[in-house]
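Now for the letters of each chain:
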Amino acid sequence: MPEKGRILSKPRIFFGLTLILFSAVMALSFISYLMNWKADQSQAGTMLDKTIKSSNIFGKIGDWLGNIFIFESIGIASFIIAFLFLVVGTLILKKKIFKPWKTIGHSLFFICWLPIFMGALTKGQGVLGGVYGYQIMDYLNSIIGAVGLWTVLAASILLYFILEFNLRPSSIKSKLDKINENTIGKVKSMMPDSNDDFEADEELKEEAEEDTVSRVTVSDVSNHSPNTPINTVREPEPVSVPKGFPEVPVSTDIETITTPNHTSFEAEPREVSQPVSLNISSKPIVPVSSPEEAFDIRPSAPSPAVTNTPAQDNIKFNVEVAPMIDVLDDSEKQSQELVEKHGLYDHKLDLAKFQMPPVELLKDYGSEEISINKEELEENKNKIVGLLKNFNVGIAEIKATIGPTVTLYEIVPEAGIRVAAIKKLQDDIALNLSALGIRIIAPMPGKGTIGIEVPRKNPTMVSMRSVIASQKFQNTDMDLPVVFGKTISNEVFMADLSKMPHLLMAGATGQGKSVGINAILTSLLYKKHPSELKFVMVDPKKVELSLYSKIERHYLAKLPDAEEAIITDTNKVINTLNSLCVEMDTRYDLLKNAFCKNLKEYNKKFAERKLNPENGHRYLPYIVLVVDEFADLIMTAGKEVELPIARLAQLARAVGIHLIVATQRPSVNVITGMIKANFPARAAFRVISSVDSRTILDSPGADQLIGKGDMLYFNGNEILRLQCAFVDTPEVERLAEFIGEQKGYASAFLLPEYVSEDSTSTVGAFDPNEKDALFEEAARIIVSTQQGSTSMLQRQLKLGYNRAGRIMDQLEASGIVGGFNGAKAREVIISDLHSLEQFLEDLRN
């Protein structure tokens, strides 16, 4: 019988520990999901896709648990589910830590009401309330309104506390009576037990009242040390007072008198007194014979006494302010002497005659004043009001703001109208107005209105010349000013690239993405001197950025062995990005040695000649990396491109290296969570679906744009709708020719040379023990296709260029393929797979 009981306990222990472990897994998965739910939301349905990685600590299982319980169910109340698993596990193990039925009752209450409360608190934004909380909140809100909803929630919380803590009026009164009884009992216990104690207390009071004013002289006080209080009460007795000193009265209040070390008795007499703190013990009072025994008198911290001597009134007191003396070390003195002798360092001195491009190089498209079509405004206003009225949505006020491309109608709904009811009518409003690109902003940030953006029938062009010539751009003090275009209110919109600090752009083909890049580059060329700014351009399309090759000796940067400054070969991008990482590390070392936090402080110190060029210090220009088609780089090089891009995005801001990355396919495998986290500034042109819009902006809206430069700009706080400035190809050509015809540097700005680990290895004797893990598979692909191509290995094995090149070198060293043959593929020496297998078998042996 005991053996049977022991066998039965093993399943109980197993199931109990399993439930406790599962509750811990659920809780940790939920915590990780709440921290990264935006980035991992699109990965919930990709359980079997190995290429997509999750940031949850329990991987895709954790994402699945968080999506099922938190997002699609009850929000943060899912933690109670994990807690219930813990309770059941402890019950199975017969550990009575919790009261089961009471715990289950409390848990069910919070599971029902906590999602509704969080849904009402967040208004359906985020995942704290879950789908259940939002739906119930929305249903109750539509029936009883917002006030009724919060009344129900408050009533449920109040009822819970009444039932849990027994807060009925009768119970509260009984608890108060019990507290009063305990207090009275304590007081009585502290009172004396005999009438003699009370008589002694009365005698003590009478003695204190009959005690007359004692006379104490200053000479009595002077005999004590400065910090020694006089804490005795003496009976009145005649004392002798020095001549010229009045008697100092001592009140019945017990005082402590202190004097400083050097008290002159020739000073004018004054009353010196100091209050004391009386520490009366809580012990029962016992009969005493004198007041000294009745009180424990401890003086408070004495304050220094002030005495005035007659001599002090005749002393001359002169105040002199010492002049400010700058204490400079040798290096600062030397830098000041150099500045006085040679002036501040001028980084523009090498190209002192360089002229900034004039505005006349850009095409003038005539007047860009917005024409107001009152008939169109009135027609759209009547359609909007009529449609909302058909759906029982009343409007108290409506206002129109006319922009270059769209008109913003701001409406103020009547009291009691839900915002969600208007947002659901987006498609109906677009159908009624017969317009594309309807976008509803509900509510508008910082305003108590709801915005409806309606495209204009006759939009106004925003030319690059108009924004460059604006006073806002000409008088800006930004470090890297970038002018995008104009807002809905027809104001020039600018941003500082050094504050962004990196920009991610996305948009479908033909929607204005390349024009937006040209607008950014044009605004920088119009504002920065060649010594202050350098570009690293990557153009996989080979035609978009080729116009800027004429300014190579002025504004472009390249590797020392590169023939062209504009990189069009994706295989050379990896070395360039790694070279930028080397430049970043070098700049950080310079900033560390100069005790500077950013590039602006460093260049200021260098201009003030506080940094010695013999120690490697130099003037550092800003470097802007421009990538026109990032998706193509990810497809061809993969992680070898993503890792240096992510490293630059994380660290390069402080040393003046900034990134502008553009792609036309904003999918999650191109714009990964690591990249999105380090690109707070994003510009979205029109995309195909709302999924792409959420990928780039974390919110819908980019799929509702009308194209032709219509864009949304997200700066990390709010989304702004802009009309991008238009700059045509001939304008860019004229700008590049104007700069290229002027005197430039001897060559482009040279980036540090990057020597990869693979480039150090040469093709020599083949060592079978050092062959790549994919060596045999690559050999079979090469022999079966009879094509010795490195790019084919990249595609077939999904490798980066460096690893594929290393495998090709090993194939050449082993004798499977021939040597490098220029643009042609390598010769395959082994003709069939059977011969290859024999060859590989010999290598293994």
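**Student:** Whenever I open this one, the nonpolar core confuses me. Can you help?
**Tutor:** For soluble globular proteins, nonpolar side chains are generally found buried alongside one another. In terms of nonpolar packing, the biggest core is built from 113 residues, with Phe484, Leu503, Phe535, Leu625, Phe630 and Tyr713 touching the most fellow members. With 9 residues, the single largest contributor to this core is helix 18 (residues 573–594). Ranked by size, the runner-up nonpolar core spans 22 residues in total, among them Leu774, Val783, Ala804 and Leu811.

**Student:** Help me understand the packing of helix 26 (residues 790–797) against helix 27 (residues 801–814) in this model?
**Tutor:** Helix-helix packing is described using two parameters, namely the angle between the two axes and the distance between the axes. Remark: helix 26 packs on helix 27, axes separated minimally by 9 Å, with the N-to-C direction vectors making an angle of 120 degrees. Compared by their axis directions, helix 26 and helix 27 come out oblique. The two elements helix 26 and helix 27 meet at a crossing, and its hand is right-handed. In contact with Thr790, Leu793 and Gln794 of helix 26, helix 27 contributes Tyr801, Ala804, Gly805, Ile807 and Met808. Of the residues that constitute the contact of helix 26 with helix 27, the class distribution is 5 nonpolar, 3 polar and no charged.

**Student:** Teacher, can you tell me more about the sheet that holds strand 17 (residues 710–714) here?
**Tutor:** Paired through backbone hydrogen bonds, the strands of a sheet run either parallel or antiparallel to each other. Spatially, 10-9-18-17-16-11-15-14-12 is the arrangement adopted by the 9 strands of the open sheet, whose pairing is mixed. Edge positions in the open sheet fall to strand 10 (492–496) and strand 12 (533–538), since each of these has one partner strand only. Shown here is a sheet whose adjacent strand axes are inclined to one another by a mean of 30 degrees, direction ignored. Sheet topology places strand 17 next to strand 18 (residues 719–724); 5 bridges connect them, and they run antiparallel.

**Student:** Even after reading the chapter, I still don't get the side chain of aspartate 539, so can you show me in this structure?
**Tutor:** Summarising the element assignment, aspartate 539 is placed in the loop between strand 12 and helix 17 (552–555). Lysine 541 provides the closest opposite charge to the buried, salt-bridge-free aspartate 539, at an N-O distance of 6.8 Å. Among the polar contacts made by the side chain of aspartate 539, one reaches the main-chain amide nitrogen of leucine 545 at a distance of 2.9 Å. Aspartate 539 has contacts with Glu544, Leu545, Ser546, Ile566, Ile567, Thr568 and Asp628, leaving out every residue within four places of it along the chain.

**Student:** I'm lost on the sheet that holds strand 6 (residues 406–413) in this one. Help?
**Tutor:** Spatially, 4 strands are ordered 5-6-8-7 in an open sheet, and the strand pairing comes out antiparallel. The open sheet terminates on both sides in strands that have one partner only, identified here as strand 5 (395–402) and strand 7 (439–441). Pairs of neighbouring strands in the sheet enclose a mean axial angle of 20 degrees, with direction left out of account. In this structure, strand 7 lies alongside strand 8 (residues 450–455), joined through 3 bridges in antiparallel fashion. For arginine 439, the partnering residue across the bridge sits in strand 8 and is glutamate 453.

**Student:** Help me understand the pairing of strand 14 (residues 622–627), please; the structure alone is not making it clear to me.
**Tutor:** Two faces make up the sheet, and in a regular strand the side chains alternate between them. With 6 of 6 residues buried, strand 14 is to be regarded as a mostly interior element. Sheet topology places strand 12 next to strand 14; 6 bridges connect them, and they run parallel. Its bridge partner lying in strand 14, methionine 537 is registered against valine 626.

**Student:** Mind showing me how you'd approach unusual backbone geometry here?
**Tutor:** With omega at -10 degrees, the peptide bond leading from alanine 442 into proline 443 counts as cis. Looking along the chain, the bond that leaves methionine 500 and enters proline 501 is cis, with omega of 0 degrees. By secondary structure assignment, the location of proline 501 is in the loop between strand 10 and strand 11 (503–506). Even without being a glycine, phenylalanine 595 presents a positive backbone phi close to 60 degrees. Tracing the backbone shows phenylalanine 595 in the loop between helix 18 and helix 19 (599–607). Located in the positive-phi region is aspartate 698, a residue other than glycine, with phi close to 65 degrees. By secondary structure assignment, the location of aspartate 698 is in the loop between helix 23 (690–697) and strand 17.

**Student:** Could you clarify how one ought to interpret the packing of aromatic side chains in this entry?
**Tutor:** Any aromatic ring pair is given by two values, namely how distant the centres are and how the planes are angled relative to each other. Applying the stated rule across the entire model yields 12 aromatic pairs. Ring centres of phenylalanine 30 and phenylalanine 69 lie 5.8 Å apart, and the angle between their planes is 50 degrees; on these two criteria the pair is classed as tilted. Taken as a pair, phenylalanine 30 in helix 1 (residues 2–40) and phenylalanine 69 in helix 2 (residues 59–74) lie far apart in primary sequence, 39 residues in all. Judged by its relative accessible area of 22%, phenylalanine 69 is partly exposed.

**Student:** Please clarify how the packing of helix 18 against helix 19 should be interpreted in this entry.
**Tutor:** At a closest axis distance of 10 Å, the pairing of helix 18 and helix 19 adopts a crossing angle of 60 degrees. Looking at the two axes, helix 18 sits oblique to helix 19. Judged by the twist between their axes, the crossing of helix 18 over helix 19 is left-handed. Of helix 19, the residues touching helix 18 (which contributes Arg587, Leu590, Leu591 and Ala594) are Leu599, Tyr602 and Lys605. For the contact of helix 18 with helix 19, the class distribution of residues is 5 nonpolar, no polar and 2 charged.

**Student:** Please clarify how helix 26 should be interpreted in this entry.
**Tutor:** Each turn of an α-helix holds 3.6 residues, which means side chains three or four residues apart point in the same direction. Where helix 26 is concerned, the buried positions are Thr790, Met792, Leu793, Gln794 and Leu797. On its buried side, helix 26 packs onto helix 20 (630–637), helix 25 (775–785) and helix 27. Phi turns positive, to about 55 degrees, at lysine 798, one or two residues after helix 26.

**Student:** I keep staring at the pattern of salt bridges and nothing clicks. Help me out?
**Tutor:** Oppositely charged side chains may form a pair once their charged atoms are brought near each other. Scanning the model with the defined rule gives 28 salt bridges in all. Salt-bridge contacts for lysine 600 lead to aspartate 479; the nearest nitrogen and oxygen are separated by 3.5 Å. Remark: aspartate 479 occurs in the loop between helix 15 (471–474) and strand 9 (481–487) and lysine 600 occurs in helix 19; sequence separation between them is 121 residues. With relative accessibility at 15%, the residue aspartate 479 sits in the buried group. Linked by salt bridges that have partners in common, Lys771, Glu776, Arg780, Glu837, Glu841 and Arg844 make up one network.

What counts, and at which threshold
Residues numbered from 1 in each chain as written. Predicted model: local features only at pLDDT ≥ 70, side-chain atom pairs only at ≥ 80, totals over all residues. Heavy atoms only, no water. Core = buried A, V, L, I, M, F, W, Y, C linked by side-chain atoms within 4.5 Å. Buried < 20%, exposed > 50% of the residue type's maximum accessible area, 1.4 Å probe, protein only. Helix = DSSP H or I, 4+ residues; strand = E, 2+ residues; numbered from the N terminus. Axes fitted to C-alpha atoms, helices over the stretch in contact; angles between N-to-C directions. Parallel < 35°, antiparallel > 145°, perpendicular 65-115°, else oblique. Left-handed = near helix turned anticlockwise from the far one by under 90°. Contact = heavy atoms within 4.5 Å. Nonpolar A, V, L, I, M, F, W, Y, C, P; charged D, E, K, R; others polar. Pairing = 2+ DSSP bridges. Lys, Arg positive; Asp, Glu negative; His and termini not counted. Salt bridge = Lys/Arg side-chain N within 4 Å of Asp/Glu carboxyl O. Polar contact = N/O pair within 3.5 Å; in protein donor to acceptor, adjacent residues only side chain to side chain. Phe/Tyr/Trp six-rings, centres within 6.5 Å; stacked < 30°, edge-to-face > 60°.

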